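Residues per chain, in single letters:
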Number of protein chains: 2
Amino acid sequence: MDLKLVRQRYESELYDKIIPFWEEHCVDREFGGYFTSLDRDGSVYDTEKYMWMQWRIVYMFAKFAAANNGPARWIDIARKGYDFLTAHGKSGDGSYYFALNRQGVPSVAPYNIFSDCFAAMGAAAMYKATGEAKYRAEADSAMRNYIRRMDDPKGRWEKTLSGRPARLSHGHFMMLANLAFEMRDCLGSCEYDSAAEEAVRTVTERFWNPEMRILFENVNPEGEPFDLDSCEGRMINPGHGLESMWFMLQHAERNADPVLIAKAADIIKGILAFGTDQEYGGIYYFMDALRKPHLELQWDMKLWWPHCEALIACLFAARLTKDPFFLEKFAELDNWTWTHFKDPEYPEWFAYLNRRGEVTHTLKGGKWKTFFHLPRMLFTCAAQLKKMEND
Amino acid sequence: MDLKLVRQRYESELYDKIIPFWEEHCVDREFGGYFTSLDRDGSVYDTEKYMWMQWRIVYMFAKFAAANNGPARWIDIARKGYDFLTAHGKSGDGSYYFALNRQGVPSVAPYNIFSDCFAAMGAAAMYKATGEAKYRAEADSAMRNYIRRMDDPKGRWEKTLSGRPARLSHGHFMMLANLAFEMRDCLGSCEYDSAAEEAVRTVTERFWNPEMRILFENVNPEGEPFDLDSCEGRMINPGHGLESMWFMLQHAERNADPVLIAKAADIIKGILAFGTDQEYGGIYYFMDALRKPHLELQWDMKLWWPHCEALIACLFAARLTKDPFFLEKFAELDNWTWTHFKDPEYPEWFAYLNRRGEVTHTLKGGKWKTFFHLPRMLFTCAAQLKKMEND
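Only a predicted model underlies this, so the values are computations on that prediction, with no experimental measurement involved.

Let's talk about the overall build of chain A
At step 1: Helix and strand counts for chain A stand at 13 helices and 13 strands.
At step 2: Taken over the C-alpha atoms alone, chain A extends approximately 55 × 55 × 40 Å along its principal axes.
At step 3: Going through the 391 residues of chain A one by one, you find that 63% of them count as buried.
At step 4: Surface exposure of chain A reaches about 14300 Å², of which carbon and sulfur atoms provide 50%.
At step 5: Taking the average location of the 48 positive side-chain charges in chain A and that of its 56 negative ones, the two points are 2 Å from each other.

Observations concerning the interface of chain A and chain B
At step 1: Each partner contributes residues to the interface: chain A has 46 residues there, and chain B has 46 residues.
At step 2: Contact with chain B buries area across many residues of chain A, yet Lys-159, Pro-293 and Leu-297 of chain A alone supply 19% of it, more than any other trio.
At step 3: Two residues, Arg-164 of chain A and Glu-48 of chain B, come together in a salt bridge whose shortest N-O distance is 2.7 Å.
At step 4: Along the contact surface separating chain A from chain B lie 25 residue pairs in polar contact (both at pLDDT 80 or more).
At step 5: Only strand 2 (44-46), strand 5 (106-108) and helix 8 (231-234) of chain A provide two or more residues apiece to the side of chain A that touches chain B.
At step 6: Looking at the side of chain A that touches chain B, the element that brings in the most residues is strand 5 of chain A, giving three residues.
At step 7: Split by residue class, the side of chain A that touches chain B holds 20 nonpolar, eleven polar and 15 charged.

Here's the deal with the environment of Val-6 of chain A
At step 1: By secondary structure assignment, the location of Val-6 of chain A is in helix 1 (residues 3-25).
At step 2: Contacts of Val-6 of chain A, omitting those with residues within four sequence positions, involve Met-1, Phe-330 and Leu-385 of chain A.

Observations regarding the relation of the copies chain A and chain B
At step 1: Overlay of chain A on chain B (RMSD 0.0 Å): rotation 180°, translation along the axis 0.0 Å. On the angle and the small slide along the axis, the relation comes out as a two-fold axis.
At step 2: Residue by residue, 100% of the interface of chain A is reproduced at the interface of chain B, so both copies engage with the same surface.

Examining the side chain of Asn-220 of chain A
Residue and element names in this part refer to chain A.
At step 1: Note on placement: Asn-220 falls in the loop between strand 9 (218-219) and helix 8.
At step 2: Take Asn-220: its relative accessible area is 16%, and that puts it in the buried class.
At step 3: Polar contacts involving the side chain of Asn-220 include one to the side chain of Arg-167, which spans 2.8 Å.
At step 4: Once you skip the residues sitting within four places of it in the chain, Asn-220 turns out to touch Ala-166, Arg-167, Arg-206, Pro-225, Phe-226 and Asp-227.

Thoughts on the pattern of salt bridges
At step 1: Throughout the structure, instances matching the rule amount to 80 salt bridges over all chains.
At step 2: A salt bridge links Lys-80 of chain A to Asp-76 of chain A; the shortest N-O distance between them is 3.2 Å. Of this pair, Lys-80 of chain A and Asp-76 of chain A both sit in helix 3 (residues 72-88), four residues apart, which is roughly one turn of that helix.
At step 3: Under the relative-accessibility criterion, Lys-80 of chain A is labelled exposed at 52%.
At step 4: Residue classification places Asp-76 of chain A among the partly exposed residues on the basis of a relative accessible area of 33%.
At step 5: Glu-309 of chain B is the salt-bridge partner of Arg-376 of chain B, the closest N and O atoms lying 3.1 Å from each other.

Re the sheet that holds strand 3 (residues 49-50) of chain B
Residues and elements named next belong to chain B.
At step 1: The three strands are arranged 3-4-5 in an open sheet whose pairing can be described as antiparallel. Lying at the two open borders of the sheet, with one neighbouring strand each, are strand 3 and strand 5 (106-108).
At step 2: The pairing of strand 3 with strand 4 (residues 99-100) spans two bridges and is antiparallel. Looking at strand 4, one finds that Lys-49 is bridged to Leu-100.

Some points on the packing of helix 2 (residues 51-68) of chain A against helix 13 (residues 373-390) of chain A
Describing two packed helices takes the angle between their axes plus the distance from one axis to the other.
Residue and element names in this part refer to chain A.
At step 1: Remark: helix 2 packs on helix 13, axes separated minimally by 10 Å, with the N-to-C direction vectors making an angle of 25°. When the axis of helix 2 is compared with that of helix 13, the two are roughly parallel. Viewed along their axes, helix 2 and helix 13 form a crossing whose handedness is left-handed. Contacts from Arg-56, Met-60, Phe-64, Ala-67 and Asn-68 in helix 2 reach His-373, Pro-375, Arg-376 and Phe-379 in helix 13.
At step 2: Its residues placed into classes, the contact of helix 2 with helix 13 shows five nonpolar, two polar and two charged.

Some details on the sheet that holds strand 4 (residues 99-100) of chain A
At step 1: Across the sheet, three strands lie side by side as 3-4-5 (chain A); this open sheet has antiparallel pairing. Looking at strand neighbours, the two that pair on one side only are strand 3 (49-50) and strand 5 of chain A, the edges of this open sheet.

Cut-offs used in this document
Residues numbered from 1 in each chain as written. Chains lettered and ligands numbered in written order. Predicted model: local features only at pLDDT ≥ 70, side-chain atom pairs only at ≥ 80, totals over all residues. Heavy atoms only, no water. Helix = DSSP H or I, 4+ residues; strand = E, 2+ residues; numbered from the N terminus. Buried < 20%, exposed > 50% of the residue type's maximum accessible area, 1.4 Å probe, protein only. Areas by Shrake-Rupley, 256 points an atom, 1.4 Å probe, with all protein chains shown as cover. Lys, Arg positive; Asp, Glu negative; His and termini not counted. Charge placed at Lys NZ, Arg CZ, Asp CG, Glu CD. Contact = heavy atoms within 4.5 Å. Buried area = accessible area lost by both parts, 1.4 Å probe. Salt bridge = Lys/Arg side-chain N within 4 Å of Asp/Glu carboxyl O. Polar contact = N/O pair within 3.5 Å; in protein donor to acceptor, adjacent residues only side chain to side chain. Nonpolar A, V, L, I, M, F, W, Y, C, P; charged D, E, K, R; others polar. Least-squares fit on C-alpha atoms with pLDDT ≥ 70 in both. Pairing = 2+ DSSP bridges. Axes fitted to C-alpha atoms, helices over the stretch in contact; angles between N-to-C directions. Parallel < 35°, antiparallel > 145°, perpendicular 65-115°, else oblique. Left-handed = near helix turned anticlockwise from the far one by under 90°.

In structure tokens, the structure reads:
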């Protein structure tokens, strides 16, 4: 594998295809904010402004602006989105709504703390790109809100009652680890370091089942951690697990922690062994730890983002462990991912394939896909490859 | 097509396979209520008691007990479920919770009015089977609760805010029409007849777009009814539409309304033309009115219930219109449905297939499949066929 050629392919895809697609199609020049429901050719098929999707665009354009000394229009796109979202997106208690309509009127209540999570990331990246204090204040405010809400993330919209056991959710902790890393990176702040340590420990010690070699999504806070008697307890999300593990490796590298590097790399091996579709290739969306029927109809579909996260996880682990397994796995996944998700006719990649790898939706962006997983993957993989070339 | 042979096949499937499967596996003899998360062989893979699923079992066993002078154990199964659900299932304002745990402790809040809908149907069927006044009172109470909640169906769990346009939801009106029919049939009550008439008119006049020949799921209450600019406005659910149309035909037959018969039959033709997968056969789960990308990942899957509803709709229309189109369509759908959904090795049918018709889940029951659509279809189709034999 010629690492330099691979890196150039990733960089070319990012800077020649993906960024231009979003620059051209996502900006709502009339009302502010972004269109994310973009069809194959970039045409808009819905104008709802989902907060996760919006803030991730702010984050990504700000990140690229800062990292590459990019053209001024990138930070301008990010800034205009930021202005729209902070002007319209905050509810009474400071939490961000889940969605606004095109004009900026709130359309879905702030029932989900990941709106705050991505607001914190977006604002922090704006601070790193510009050095303006207001962005730092917003990042801290959204980050504190995320932490405050972790104990009761859905607030008054919580539908779960006492008949269902309380659970720890892997997603909340993995995102806390990632957020804290970003805050330190963008703000230079150590305020969240202890939260990060706690999150890393929780993810790697409580959600990983070393006997089954499976990373769980929901565990019991007390007693036996793994509930194998319910669909909720057996729920597995391989893409989430792989994303989580490269977050762990980021922390491990910064803290020069070989034990954590070895553990995260081992967990990646476990997730890939369990989550790979041996028949058609690619990684499943959802699984059941005991391979019982899954609650979700679309469990066996192949989504762009778990494949993006798998590629990053493999390269991170390859670089930090030098174990040849990871570069082999990267090559295999790189082939499957680029062959199946990249649209041969238009720029940007497909989001959703069936188990066989056939395209089921023509969309390039929507309620759950925006300018985020794919460009972050291309950028992060290129950075890993660059370091490996220099090693 | 030999109608008698077809009828015997449907009856044999119902009485020799489907009813025995649920009799054997669904009853929770320890805590009361039912198991509905049943794997291929009937083994339990989750014990959550979802209220729609629970009440539908009460309804179906009571219905069969009444209709067939069936064995005493059928009404006994229904009665024990009813006792469990009324003892544990009601929240403070009389609305039914969405789910209980195995022991009967509420696990999911009463955020959904279809829990009340299926409670009303179950209690009404119990009254018809037994004549006991308490069941009638419960049916009326749940029915009134359903009607009361129609204006604000999610109550305090509503997440939609003013930035999203208010919509009329087809599901609420089609179920009101069905519920009112059942109340009249089971209770002999005319109390809900005017609500039924209003529901029938709303479904057939407001949700049907005669130019596009598509039945919509969400329409605007004022002004132009069809919103073609949003995913929500363009959302189509062919199985829902077909189910709705045989509810309309039930009303039309009882009221000897030839105009409604012709209209519902015409709508069935429109739905089948739009909703049929021309490449792989079967009926899509969700569609977009303009064939733009669908919000739901599983839009192209083939589910057992739309096929059950399509079979009933075709036979109802065939009998009431004598148009040979419907019997031809029935034969075609009968073949596709029995070939793809019936499990060749174990009793009961599969629920979920991919677009090609390949089984994606081994479950026979779950959060959304219970002893309802399939047995109702087999029973209703056999009854239609019997009448057609005698015509």
